[in-house]
Each structure stands twice: as C-alpha cells, then as structure tokens.
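What follows is each chain in one-letter form.
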Amino acid sequence: MRVQQKKKLALVLSGGGVKAAAFHIGVVLALREKGFKFSGGFHRDPKFKFEGQEMTFTLYVGSSAGSMISSFLASGYSVDAIVDAFTKGAGFSSSRPLDTHENDLYPITYKDIFALNIQSAHPSNLLSKLFKERPSLSGGLETLFKKGFKVNGLFSTRNLERYLREKVLTDNDFHSLAAELYIVATQLNHSRKVVFGPYSETTK
C-alpha cells in the first residue's frame, strides 16, 4: 500500500467508553500488523519523528475514549505500552519481554477511569445552601434538595484528567507534540462542538 506524498495519514478514533478504547487498541494492533507506524513523542525528543515515511500516522483525532488512545499514541507510547498499562492497572502481570519496557506507560487503574460525581451533593454543600439561601417554607425544602443534589451525571472525569496531566501530557501544550493531535468535545452548556488542537482555528 502506498500513501500519496504531501498527504497526511490520520487516525480518527471515536468515543464509546471502555469498550471503544478496547476496540481502538485492537484496530491499532491490526494496523501495525499491516505495516503501519505511529508517530509520536515530543519535539524535544527527535527519535519519535517520522515525517516523510510512508504508512505512518502523523495526525490523530479523538473523541472521548478515542481521545485517550490518540493522546497516548501522539505522546510517543507504543501500542504494546498502552496494552500493558491497562493490563497492569487491572492487576495482571505484564506480557511484554523485559527488554521492551524502556518507554512504559504508567498503569491505568479503575480509580483513574471512574470517579463518582458527588461533590455538589456533599452534606456540607447542602447545609451551606440552607443557611445562605434560606428557602421559603412553601416548596423550600424541595427546592433545596434539588439544588443540593443536582449533579451532571453519576461519574466524573476528574481522575482521568489528573492521570493525563501527570502521566501523559505533562506539558499541557499541543505544540510540544511531534505529531498533530486534535480532541473533539462537546460544550454541554451550549451543545456546541469544540475542537482542541495546535492551531488558531482550534481551542488550545
């Protein structure tokens, strides 16, 4: 298979939770078997630059679970390192030879993926609303409980964000990546698509 020159080869990964992440890893493994390569790493580390090589992905686009796998690849982690991170995070031993562990990805545990979104429903927040707002007796308690226990979903992504900031994208800057990375998200307040990336047209 030949890829035309002056055209970038992009890997686009969708969302879909843990199942989607597992599916994407399987797809990446299959692509590697077909001879495709995955550029990644940071500009300060030139060994990860693959510009000009055929059958090499130099651009990644991801949404939700797909953004995780895209971020790992764009940061220079191999497919084996990604599989190993999930495997060891689940409590299993590594299946890779010891001499291939020079670029390990920190293990991903269930605690890193799932976090209960209970901050706004904490009793201290509820009591503070009681004394600050002083709801009227007519429907006051009902209003108070609705406000106190209002949460945007049962789970939060704060632990996952912490993992990515501390273990993967420590620079927190798209420009520092040797490969191009774009993350597609939805601004829930306005139901509007937002794209994070390295150019002025995107939200940095």
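Because the structure is predicted, anything quoted here is derived from the model rather than measured.

Criteria and thresholds
- Residues numbered from 1 in each chain as written.
- Predicted model: local features only at pLDDT ≥ 70, side-chain atom pairs only at ≥ 80, totals over all residues.
- Heavy atoms only, no water.
- Helix = DSSP H or I, 4+ residues; strand = E, 2+ residues; numbered from the N terminus.
- Buried < 20%, exposed > 50% of the residue type's maximum accessible area, 1.4 Å probe, protein only.
- Contact = heavy atoms within 4.5 Å.
- Areas by Shrake-Rupley, 256 points an atom, 1.4 Å probe, with all protein chains shown as cover.
- Arc of directions from axis to C-beta.
- Pairing = 2+ DSSP bridges.
- Patch = residues over 30% accessible without salt bridge, like charges linked within 9 Å, V, L, I, M, F, W, Y side chains within 5 Å.
- Salt bridge = Lys/Arg side-chain N within 4 Å of Asp/Glu carboxyl O.
- Axes fitted to C-alpha atoms, helices over the stretch in contact; angles between N-to-C directions.
- Parallel < 35°, antiparallel > 145°, perpendicular 65-115°, else oblique.
- Nonpolar A, V, L, I, M, F, W, Y, C, P; charged D, E, K, R; others polar.
- Phe/Tyr/Trp six-rings, centres within 6.5 Å; stacked < 30°, edge-to-face > 60°.
- Lys NZ or Arg CZ within 6 Å of the ring centre and 35° of its normal.

What about the overall build of the protein?
Here's step 1: In terms of regular secondary structure, the protein is built from seven helices and seven strands.
Here's step 2: For the protein, the succession of helices and strands along the chain, N to C, is β-α-β-β-α-α-α-β-α-α-β-α-β-β.
Here's step 3: Residues classed as buried in the protein amount to 36% of the 204 residues present.
Here's step 4: Residue pairs at least 24 apart in sequence account for 59% of intrachain contacts in the protein once pairs closer than 6 positions are excluded.
Here's step 5: In the structure as shown, the protein presents an accessible area of about 13300 Å², 57% of it carried by carbon and sulfur atoms.

Digging into helix H7 (residues 158–168)
Here's step 1: By the burial criterion, the buried members of H7 are Asn 159, Leu 160, Tyr 163, Leu 164 and Val 168. In a view along the axis of H7, the buried residues occupy a sector of 135°, so they form one face of it.
Here's step 2: As for H7, its buried residues are in contact with helix H2 (65–74), helix H4 (110–113) and strand S4 (115–116).

As for the pairing of strand S1 (residues 9–13)
Here's step 1: Residues Leu 9, Leu 11 and Leu 13 line the buried face of S1, whereas the alternating positions Ala 10 and Val 12 sit on a face that is not buried.
Here's step 2: Note: S1 against strand S3 (residues 56–63), five bridges, orientation parallel. Within the sheet, the bridge partner assigned to Leu 9 lies in S3 and is Phe 57.

Considering a nonpolar patch on the surface
Here's step 1: A surface patch of nonpolar side chains, about 330 Å² in accessible area, is lined by Val 18, Tyr 110 and Phe 114.
Here's step 2: When you line up the elements, Tyr 110 lands in helix H4.
Here's step 3: Looking at Tyr 110, the relative accessible area reads 57%, which means it is exposed.

Here's the deal with the packing of H2 against H7
Here's step 1: Contact pair H2 / H7: the axes reach a minimum separation of 12 Å and the direction vectors enclose 5°. Here H2 is positioned roughly parallel relative to H7, judged by the angle of their axes. Across from Met 68, Ser 71 and Phe 72 in H2, the residues of H7 making contact are Leu 160, Tyr 163, Leu 164 and Val 168.
Here's step 2: Residues belonging to the contact of H2 with H7 are distributed by class as follows: six nonpolar, one polar and no charged.

As for the packing of aromatic side chains
Two descriptors summarise a pair of aromatic rings, namely the distance from one centre to the other and the angle between the planes of the rings.
Here's step 1: Tallying each qualifying case throughout the model produces three aromatic pairs.
Here's step 2: For the ring pair Phe 38 and Phe 57, a centre distance of 5.3 Å and an interplane angle of 15° mean the geometry is stacked. With a gap of 19 residues between them, Phe 38 in strand S2 (residues 37–38) and Phe 57 in strand S3 connect regions that are remote in the sequence.
Here's step 3: The buried category is assigned to Phe 38, whose relative accessible area is 16%.
Here's step 4: Exposure remark for Phe 57: the relative accessible area of 4% places this residue in the buried category.
Here's step 5: Pairwise contacts between aromatic rings join Phe 36, Phe 38 and Phe 57 into one cluster.
Here's step 6: One Lys or Arg, Lys 167, reaches over the ring of Tyr 106 and ends 4.1 Å from the middle of that ring.

Function-wise, these values are silent; they only describe arrangement.
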